[in-house]
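# Residue-level structure breakdown
Listed here are the chains, written in short residue letters.
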Amino acid sequence: MHNQQHTSNLGEIVSIDIASVARVLAVVSAITGFIICIFTAFAMDLMTEGEANTLMPAVLLVVFWAISGFVGGCVYAVVYNLGAAFGGLEVEVE
């Protein structure tokens, strides 16, 4: 904590851009899918003693996660925008 007094600048998020939320969640989901893919491929390799072809399922998993994140981001943004009519999130900005 600072010993200085500072004024709080509270702002309210009343609407969010659907495309930007979808884009961010698509990237975050793709990264998450990639991380899960690494562990899944390693586990499959151990179970099959190196005989499994894990490249194509890995690529498909990352693509699936990215698409799911994009669609989920669209849904979340629409639902938030509808709910924000009753009061949006308050955030502190500098």
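As the structure is a computational prediction, the values presented were derived from the model and not from experiment.

With that settled, consider the overall build of the protein. Within the protein, the regular secondary structure consists of two helices and two strands. Reading the helices (α) and strands (β) of the protein from amino to carboxyl end gives β-α-α-β. Within the protein, buried positions represent 16% of all 94 residues. Summing over all exposed atoms, the protein offers an accessible surface of approximately 7,400 Å²; the carbon and sulfur share of this is 69%.

Time to look at the side chain of Ser29. Within the fold, Ser29 resides in helix α1 (residues 18-47). For Ser29, the side chain forms a polar contact with the main-chain oxygen of Leu25, separated by 2.8 Å. If we ignore the near neighbours within four places in the chain, the residues touching Ser29 are Trp65, Ala66 and Gly69.

Another aspect to go through is helix α2 (residues 55-83). For α2, with 29 residues, the first-to-last C-alpha span of 42 Å sits near the 42 Å given by 1.5 Å per residue. Within α2 the residues assigned to the buried category are Ala58, Gly69, Gly72, Gly73, Ala77 and Tyr80. Elements in contact with the buried residues of α2: β1 (10-13), α1 and β2 (89-92).

Contact pair α1 / α2: the axes reach a minimum separation of 7 Å and the direction vectors enclose 150°. α2 is crossed by α1, and the crossing has right-handed handedness. A class-by-class count of the residues in the contact of α1 with α2 yields 19 nonpolar, seven polar and one charged.

This part is about a nonpolar patch on the surface. On the surface, Leu55, Met56, Val59, Leu60, Val63, Ile67, Phe70, Val71, Val75, Tyr76 and Val79 cluster together into a nonpolar patch covering about 1,100 Å² of accessible area. Its location among the elements puts Tyr76 in helix α2.

The end-to-end C-alpha separation of α1 is 42 Å, in line with the 44 Å expected for 30 residues at 1.5 Å each. The complete set of buried residues in α1 reads Val21, Ala22, Ala26, Ser29, Ala30, Gly33 and Cys37. On its buried side, α1 packs onto α2.

Let's shift gears to the confidence of the model for the protein. Within the protein, residue pLDDT values average 84, and 86% of them lie at 70 or more. Ranking the helices and strands of the protein by mean pLDDT puts α2 first, with 90, and β2 last, with 85.

Criteria and cut-off values
- Residues numbered from 1 in each chain as written.
- Predicted model: local features only at pLDDT ≥ 70, side-chain atom pairs only at ≥ 80, totals over all residues.
- Heavy atoms only, no water.
- Helix = DSSP H or I, 4+ residues; strand = E, 2+ residues; numbered from the N terminus.
- Buried < 20%, exposed > 50% of the residue type's maximum accessible area, 1.4 Å probe, protein only.
- Areas by Shrake-Rupley, 256 points an atom, 1.4 Å probe, with all protein chains shown as cover.
- Polar contact = N/O pair within 3.5 Å; in protein donor to acceptor, adjacent residues only side chain to side chain.
- Contact = heavy atoms within 4.5 Å.
- Expected span 1.5 Å × (residues − 1).
- Axes fitted to C-alpha atoms, helices over the stretch in contact; angles between N-to-C directions.
- Left-handed = near helix turned anticlockwise from the far one by under 90°.
- Nonpolar A, V, L, I, M, F, W, Y, C, P; charged D, E, K, R; others polar.
- Patch = residues over 30% accessible without salt bridge, like charges linked within 9 Å, V, L, I, M, F, W, Y side chains within 5 Å.
- Salt bridge = Lys/Arg side-chain N within 4 Å of Asp/Glu carboxyl O.
- pLDDT = per-residue confidence, 0-100.

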